[in-house]
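# A structural walkthrough
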Amino acid sequence: MIVWVNGAFGSGKSTLVDELRSRWPEALVYDPEMVGYVLREIVAVPTGDFQDLRLWRRQVAHLAVALVEEYQRPVLVPMTLVNPGYVEEIFGVLKAAGSVVHHFFLKVSEEVLVKRIDGRSFTPDDPDQDERVRRWCKAKIGPCTAAMDTLPSDTVFLDGELTPKELADKVLARAGGLTAD
């Protein structure tokens, strides 16, 4: 089983996955950004967004499937994925491989997203880079919000302004009827 936690930058994806992991110890955490970071070391990313690399999308999907097959454990994936073609491509591979996919999207107001992004430090040793990342994250709020209407019909939308515990309760209840702590 794959539990994909989606949403804009600052919506709480990683925080929710951390809460889920503490309550679901057998689950593996797989962050596809790591695949992007590796690819950036190997090849150029002309658009600046590694999701635009076909190889990133292929590797993300195939590694998720391989983790489920190899370890027979649930896989938690915190990753913003809103380009409809990319969603279809990646989720198509997951489903074609027989993986059960639970897709959650954290809905958060723009005001809260901006506040959360401004409160984070992405590269503490490089304030200029930190500010560039913040601007990039904020620029993605609109596209992430607009994409909600294009996500798969089985996407579960959650109020990302709930506490991590409340969100985890909802995810655990939907992902196979697991009991909440």
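This report concerns the structure included in the present document. (Residues numbered from 1 in each chain as written. Predicted model: local features only at pLDDT ≥ 70, side-chain atom pairs only at ≥ 80, totals over all residues. Heavy atoms only, no water.)

Further remarks concern the nonpolar core. Formed by 39 residues in total, the largest nonpolar core has its most connected members in Ile2, Trp4, Trp56, Ile90 and Leu94. A per-element tally of this core places helix H3 (residues 54-71) first, with 7 residues. Here Ile2 is in contact with Ala64, Val68, Val75, Val77, Leu94, Ser99, Val100, Val101 and His102, once residues within four sequence places are set aside. (Core = buried A, V, L, I, M, F, W, Y, C linked by side-chain atoms within 4.5 Å. Buried < 20%, exposed > 50% of the residue type's maximum accessible area, 1.4 Å probe, protein only. Helix = DSSP H or I, 4+ residues; strand = E, 2+ residues; numbered from the N terminus. Contact = heavy atoms within 4.5 Å.)

Okay, the pairing of strand S3 (residues 75-78) next. Along S3, one buried face is formed by Val75 and Val77 and the opposite face, lined by Leu76 and Pro78, is buried too. As judged from the 2 bridges shared by strand S2 (residues 28-29) and S3, these two strands associate in the parallel manner. Its bridge partner lying in S3, Val29 is registered against Leu76. (Pairing = 2+ DSSP bridges.)

Right, let's get into the packing of H3 against helix H4 (residues 84-96). What describes two packed helices is the angle between their axes and the distance between those same axes. Contact pair H3 / H4: the axes reach a minimum separation of 9 Å and the direction vectors enclose 30°. Looking at the two axes, H3 sits roughly parallel to H4. Note that H3 runs across H4; the crossing there is right-handed. Packed against H3, whose contacting residues are Arg54, Trp56, Arg57, Val60, Ala61, His62, Ala64 and Val65, the element H4 presents Tyr86, Glu89, Ile90, Val93 and Leu94 at the interface. Among the residues forming the contact of H3 with H4, the class breakdown is 9 nonpolar, 1 polar and 3 charged. (Axes fitted to C-alpha atoms, helices over the stretch in contact; angles between N-to-C directions. Parallel < 35°, antiparallel > 145°, perpendicular 65-115°, else oblique. Left-handed = near helix turned anticlockwise from the far one by under 90°. Nonpolar A, V, L, I, M, F, W, Y, C, P; charged D, E, K, R; others polar.)

Quick look at the layout of surface pockets now. A volume near 1,000 Å³ is recorded for the largest pocket. Lining the largest pocket are 41 residues, and of these Phe9, Glu33, Phe122, Trp136 and Cys137 sit closest to its centre. Broken down by secondary-structure element, the contributors of at least two residues to the lining of the largest pocket are helix H1 (13-23), helix H2 (33-42), helix H6 (127-139), helix H7 (141-147) and helix H8 (164-174). The dominant element in the lining of the largest pocket, judged by the number of residues it contributes, is H6, at 5 residues. Taken together, the residues that form the lining of the largest pocket break down as 19 nonpolar, 12 polar and 10 charged. (1 Å grid on protein atoms, 1.4 Å probe; cavity = no way out; pocket = protein on both sides within 12 Å on 5 of 7 lines; lining within 4 Å. Points joined across faces, edges and corners; volume = space filled by probe spheres on them.)

Enumeration according to the criterion identifies 8 salt bridges in this entry. A salt bridge links Arg23 to Asp169; the shortest N-O distance between them is 2.4 Å. Note that Arg23 is positioned in helix H1 and Asp169 in helix H8, a separation of 146 residues in sequence. One salt bridge connects Arg134 with Glu131, and the closest N-O pair in it is separated by 3.6 Å. In this pair, Arg134 and Glu131 both sit in helix H6, 3 residues apart, roughly one turn of the helix. Owing to a relative accessible area of 32%, Glu131 belongs among the partly exposed residues under this scheme. Taken together, the shared-partner salt bridges in this structure form one network comprising Glu19, Arg23, Lys165 and Asp169. (Salt bridge = Lys/Arg side-chain N within 4 Å of Asp/Glu carboxyl O.)

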